[in-house]
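Working through the structure, step by step
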Amino acid sequence: MTPLPQRAAVHRRAIYYVDKSLQQWLLAALVILEAGLVAGMVWLMHWRLSQIIEENLYRVHLVKVAPLLNQLMQETPFLLGIFILVNVIALLVADGIWRGHIDFLLRSFMALVGKTGRLDFSADPAMSGRHRLLDLAATQRARERRRLAAIREHMARLDAELSGACDPRNVRELLDGLHKLVG
C-alpha cells in the first residue's frame, strides 16, 4: 500500500471580527463615558430624590400632597429619560468617531491602491503604525518599488550591452535576471 501524498500547507486568509487597533480605544472611551454617565445619573438621582424626601420629612404644616412613593415614581421617568437621551447622544458621538476613523483608514488604503493601479510607485506618505492593513500595503508598495528599480537597472544594462560590443553570455544573463524579476 502506498502512502498518500502529503498536501502542501495552504495559506488561508484569517477573518478578524475584532480588530484590536481599531476597537480598543473606542471600547475604552465607551466604558469611561458610560461610567461617567452612570456616576452623573446616580448623583442626579440622589440629589433630586433627596430633595423630594427632605420636602416630605421637614414639613411644618400638614399639607395635602401626594404620597412619597407617588412623588418618587413621578420623578423616575424624567430621570430615566435624561439617562436614555444622554446614552443615545453618547452612542451617536461614538458612532461619528468610529466612522471617521474607519473612513480615514479606507481613504488612506484606497489612495495607496489607486497609486498602485496607476503604476505610480513614488514615495508614500508616512503611515506606519496606523493600522496593520496600511503597513501591509506600504510594505507591498516598497517591495514593488525595489523590483521596478531592479528592472530599470537590468534594462539599462541590457540596452548598454546591446548598443556596445554584444557579448551573448552577458545578454543571456541579463535576460535571465530580467525574466526572474518580471515573472
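Scroll up to find the structure this text is about.
Now for a description of the structure that goes with this document. Keep in mind it's a predicted model, so treat the numbers as computed, not measured. (Residues numbered from 1 in each chain as written. Predicted model: local features only at pLDDT ≥ 70, side-chain atom pairs only at ≥ 80, totals over all residues. Heavy atoms only, no water.)

**Let's talk about the packing of aromatic side chains**
Centre-to-centre distance and the angle between the planes together describe a pair of aromatic rings. Condition: Pairing of aromatic rings covers Phe, Tyr and the six-membered ring of Trp, with a centre-to-centre limit of 6.5 Å; geometry is then stacked below 30 degrees between planes, edge-to-face above 60, and tilted otherwise. Helix and strand assignments come from DSSP, with helices taken as H or I runs of at least 4 residues and strands as E runs of at least 2, each series counted from the N terminus.
Applying the stated criterion to the full structure yields one aromatic pair. Ring centres 6.1 Å apart and planes at 5° place the aromatic pair W43 and W47 in the stacked group. Of this pair, W43 and W47 both sit in helix α1 (residues 20-57), four residues apart, which is roughly one turn of that helix.

**A word on the pattern of salt bridges**
When the charged atoms of two side chains with opposite charge come close together, those side chains can pair. Definition in use: The term salt bridge refers to a side-chain nitrogen of Lys or Arg lying within 4 Å of a carboxyl oxygen of Asp or Glu. Exposure categories follow from relative accessible area, calculated using a 1.4 Å probe and restricted to protein chains: below 20% of the type maximum is buried, above 50% is exposed, and the middle band is partly exposed.
Counted by the stated rule, this structure contains eight salt bridges. Across the pair D124 and R141 runs a salt bridge whose closest N-O atoms are separated by 2.8 Å. Residue D124 is found in the loop between α2 (68-117) and α3 (132-163), and its partner R141 is found in helix α3; the two are separated by 17 residues along the sequence. By relative accessible area, R141 is classed as buried at 1%. In this structure, D176 and R172 form a salt bridge, with 3.7 Å as the shortest nitrogen-oxygen distance. Within this pair, D176 and its partner R172 are both found in helix α4 (residues 168-182), separated by four residues, close to a single helical turn.

**Points about α4**
Put simply, the rule reads: For a helix, the expected span equals 1.5 Å multiplied by the number of residues minus one. Arc definition: it is the arc formed by the directions from the helix axis to the C-beta atoms. Any two residues whose heavy atoms approach within 4.5 Å at even a single point are treated as in contact.
The end-to-end C-alpha distance of α4 is 21 Å, a good match for the 21 Å that 15 residues give at a rise of 1.5 Å each. Taken residue by residue, α4 has V171, L174, G177 and L178 as its buried positions. Within α4, the buried residues cover an arc of 130° as seen down the axis, which keeps them to one side. The exposed residues of α4 that point more than 90 degrees off its buried face are P168, R169, R172, E173, H179 and K180. Residues of α4 that are buried make contact with α3.

**Quick notes on α3**
An ideal rise of 1.5 Å per residue puts 46 Å on 32 residues; α3 measures up with 46 Å between its terminal C-alpha atoms. Of all the positions in α3, only L134, A137, R141, E144, I151, H154, L158 and E161 are classed as buried.

**Focus: the environment of L26**
Mapped onto the elements, L26 comes out in helix α1. C-alpha separation for the pair L26 and W98, spaced 72 residues apart in sequence, amounts to 7.3 Å. Leaving out residues up to four positions away in the same chain, L26 has contacts with A94 and W98.

**Things to note about the side chain of E75**
Quick reminder of the rule: Each polar contact in these results corresponds to two N or O atoms within 3.5 Å; when the atoms are within protein, one needs to be able to donate a hydrogen and the other to accept it, and residues that are neighboring in sequence are counted only if both atoms are side-chain atoms.
Along the chain, E75 falls in helix α2. By relative accessible area, which is 12% here, E75 ends up buried. For E75, the side chain forms a polar contact with the side chain of R48, separated by 2.9 Å. Residues in contact with E75, not counting those within four places in the same chain, are R48, L49 and I52.

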